[in-house]
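# Observations on the model geometry
Listed below are the residues making up each chain.
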Amino acid sequence: MFHFPIPQRPPVMPAPPSYAWVDGIFSSQEIERINRLARAMPARRVGVGQDLHYDPMANRSTARWLVPSEQTHWIYLRLTSAIADLNAMHYQFEITGLDEELYYVTYDGSEEGHYDWHADTHHDRGFTRKLSATMQMSDPADYEGGEVELNGFARPMELAKDNGRLLLFPSYTVHRGR
């Protein structure tokens with residue numbers, strides 16, 4: 001009887017989840033402290049595309065950057081620790097740190113704030129973003145909208161917008177903020 005062996009291969013890993021999350025990184029008092037720190041920073045309209053131009057049809061939001069400092073060091077430590085844990089549990093991407101400062105984005109309902117469908121890949125800027133993180137910094141009972149939707153498989157999926165929840169997903173995932 002003929003038999004030609006097939007080489008053994010490592011087991012196939014299951015597909016990673018569309019997103020991962022963790023609650024409780026910051027207390028409600030710490031979230032308010034972060035909100036105060038961010039609101040004290042200069043604000044700028046968020047741009048889109050390689051040249052980061054303002055396009056209100058694609059993105060109508062404002063950003064403030066939380067630069068690393070003595071005041072923000074604790075925020076960076078907690079977020080990077082949580083991101084490392086979620087990555088290890090769900091994605092196992094090779095990541096070594098943040099290549100951008102944290103930014104705090106706000107959407108104004110009176111301006112119909114939103115960020116249309118996009119992916120967070122930036123190969124043209126000298127680095128490759130592998131994971132994207134977003135954290136709800138407001139009580140959802142205080143406003144309408146603000147949903148984050150992922151569209152990984154042509155079926156938009158709305159994510160829970162719990163105050164203080166850190167959401168993590170692969171940066172190639174098409175998503176939007178409504």
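In short, a report on the structure.

Conventions adopted
- Residues numbered from 1 in each chain as written.
- Predicted model: local features only at pLDDT ≥ 70, side-chain atom pairs only at ≥ 80, totals over all residues.
- Heavy atoms only, no water.
- Core = buried A, V, L, I, M, F, W, Y, C linked by side-chain atoms within 4.5 Å.
- Buried < 20%, exposed > 50% of the residue type's maximum accessible area, 1.4 Å probe, protein only.
- Helix = DSSP H or I, 4+ residues; strand = E, 2+ residues; numbered from the N terminus.
- Contact = heavy atoms within 4.5 Å.
- Expected span 1.5 Å × (residues − 1).
- Arc of directions from axis to C-beta.
- Phe/Tyr/Trp six-rings, centres within 6.5 Å; stacked < 30°, edge-to-face > 60°.

### Comments concerning the nonpolar core
In terms of nonpolar packing, the biggest core is built from 23 residues, with F26, I34, I75, L79, M135 and L166 touching the most fellow members. When residues of this core are traced back to their parent elements, those giving at least two are α1 (28-39), α2 (73-91), β5 (102-106), β7 (131-135) and β10 (166-170). The leading source of residues in this core is α2, at eight residues. Setting aside anything within four residues of it in sequence, one finds M135 in contact with I25, F26, L79, G164, R165 and L166. Counting residues in each nonpolar core, the second largest holds five residues, with L150, L159, L167 and F169 among its members.

### Points about α1
Taking 1.5 Å of rise per residue, the 12 residues of α1 would be expected to cover 16 Å, and the 16 Å separating its terminal C-alpha atoms lies within 8% of that figure. Residues of α1 that are buried include every one of E30, I31, I34, N35, L37 and A38, and no others. End-on, the buried residues of α1 take up no more than an arc of 165 degrees, which puts them together on one face. Turned more than 90 degrees away from the buried face of α1, the exposed residues are S28 and Q29. Buried residues along α1 sit in contact with β4 (62-66), α2 and β5.

### Things to note about the packing of aromatic side chains
The way to describe two aromatic rings as a pair is by their centre distance and the angle between their planes. Under the criterion given, the structure shown has four aromatic pairs. Taking 6.1 Å as the distance between ring centres and 35 degrees as the angle between the ring planes, the aromatic pair formed by W65 and Y103 counts as tilted. Of this pair, W65 sits in strand β4 while Y103 sits in strand β5, placing them 38 residues apart in sequence. You can call W65 partly exposed: its relative accessible area is 28%.

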